[in-house]
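# A look at the structure
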Amino acid sequence: HFKGNAQTFIRQLHFYGFRKLDAQSSGGWSFAHPNFKKDCPQLLTEIRRKTRIDPTAENIASHVEVQALRTQVAHLQDVVEDLRTQLDSVITVLCECCLR
């Protein structure tokens, strides 16, 4: 027996991985889970509440992202340096033209 409103109950079903099936002709709702099957009680232990992402896994992903960003920043710094060199050359040529 569930005490509370229907939306709260549905939210709990979603937390446990249940998904709403197409509406039935009777107007009721049906939910399904791959591990909730008739005559397969051993699968019930596989139905678990979803948790947040493991923080250590998130940090590993963040480390990879940081490394990729560092590589991009280094590349962009090289591009900026090349552009500065080109700009200096253009300025030099313009100054020479103005002095003539």
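Look up: the structure comes first, before these words.
The model shown is predicted, which means the values in this text are computed figures rather than measured ones. Per chain, the residues get numbers from 1 upward, laid out in the order the sequence is written. For this predicted model, a pLDDT threshold of at least 70 governs which residues receive local features, and a threshold of 80 or more governs which side-chain atom pairs are given and counted, while totals over whole chains, interfaces and linings are taken from all residues. The side-chain values count all of the structure's non-hydrogen atoms but skip hydrogen atoms and water molecules.

### Let's talk about the overall build of the protein
Only DSSP runs of H or I with at least four residues qualify as helices, and only runs of E with at least two residues qualify as strands; both kinds are numbered from the N terminus onward. A count of helical and extended segments in the protein gives two helices and two strands. Overall, the protein shows an N-to-C arrangement of helices and strands of α-β-β-α. Burial classification: accessible surface area is computed with a 1.4 Å probe over protein chains only, and a residue below 20% of its type maximum counts as buried, one above 50% as exposed, and the rest as partly exposed. Going through the 100 residues of the protein one by one, you find that 7% of them count as buried. The long-range share in the protein, meaning contacts at least 24 apart out of those at least 6 apart in sequence, stands at 25%. Here the accessible surface of atoms and residues is derived via Shrake-Rupley with a 1.4 Å probe, and residues count as covered only by protein chains that are part of the display. When the accessible area of the protein is evaluated, it comes to approximately 9100 Å², of which 59% is carbon and sulfur surface. Any two residues having at least one pair of non-hydrogen atoms within 4.5 Å are treated as being in contact.

### A short note on the state of the cysteines
In this description, a disulfide is simply a cysteine sulfur pair whose atoms lie within 2.5 Å. Summed over the entire model, instances satisfying the criterion amount to zero disulfides. Here Cys95 stays unpaired: no disulfide links it, and the sulfur of Cys98, its closest cysteine neighbor, is 6.4 Å away. Take Cys95: its relative accessible area is 41%, and that puts it in the partly exposed class.

### Side note on unusual backbone geometry
Glycine aside, residues mostly have negative phi angles, and peptide bonds mostly take the trans form. Of note, the phi angle at Asp39 is positive, near 65 degrees, even though the residue is not glycine. By secondary structure assignment, the location of Asp39 is in the loop between β2 (31-32) and α2 (55-99).

### Structural notes on a negative patch on the surface
Each patch groups residues whose relative accessible area exceeds 30% and which form no salt bridge, using 9 Å between like charges and 5 Å between nonpolar side chains of Val, Leu, Ile, Met, Phe, Trp and Tyr. Salt bridge, as used here, is a side-chain nitrogen of Lys or Arg placed within 4 Å of a carboxyl oxygen of Asp or Glu. Positive: Lys, Arg. Negative: Asp, Glu. His and the chain ends are not part of the count. For the purpose of locating charges, the reference atoms are NZ of Lys, CZ of Arg, CG of Asp and CD of Glu. On the surface, Asp78, Glu81, Asp82 and Asp88 cluster together into a negatively charged patch. Counting through the fold element by element, Asp82 comes out in helix α2.

### As for helix α1 (residues 6-15)
For the purposes of these results, a polar contact is taken to be a pair of N or O atoms within 3.5 Å, where, inside protein, one atom must be able to donate a hydrogen and its partner to accept one; residues adjacent in sequence count only when each atom of the pair is a side-chain atom. Among the residues of α1, the N-terminal cap falls to Asn5, whose side-chain oxygen and the backbone nitrogen of Gln7 are separated by 3.1 Å. Taken from the residues just after α1, Gly17 is the one with a positive phi, measuring 90 degrees.

### Remarks on the packing of aromatic side chains
Pairing of aromatic rings covers Phe, Tyr and the six-membered ring of Trp, with a centre-to-centre limit of 6.5 Å; geometry is then stacked below 30 degrees between planes, edge-to-face above 60, and tilted otherwise. Scanning all chains against the criterion turns up one aromatic pair. When the ring of Phe18 is compared with that of Phe36, the centres are 5.6 Å apart and the planes differ by 65 degrees; the resulting orientation is edge-to-face. Of this pair, Phe18 sits in the loop between α1 and β1 (19-20) while Phe36 sits in the loop between β2 and α2, and the two are 18 residues apart along the sequence. On the basis of relative accessible area, Phe36 is assigned to the exposed category, the value being 52%. Two conditions define a charge sitting above a ring: the NZ of Lys or the CZ of Arg must be within 6 Å of the ring centre, and it must be within 35 degrees of the ring normal. A cation over an aromatic ring shows up here: Arg49 above the ring of Phe15, its NZ or CZ 4.1 Å from the ring centre.

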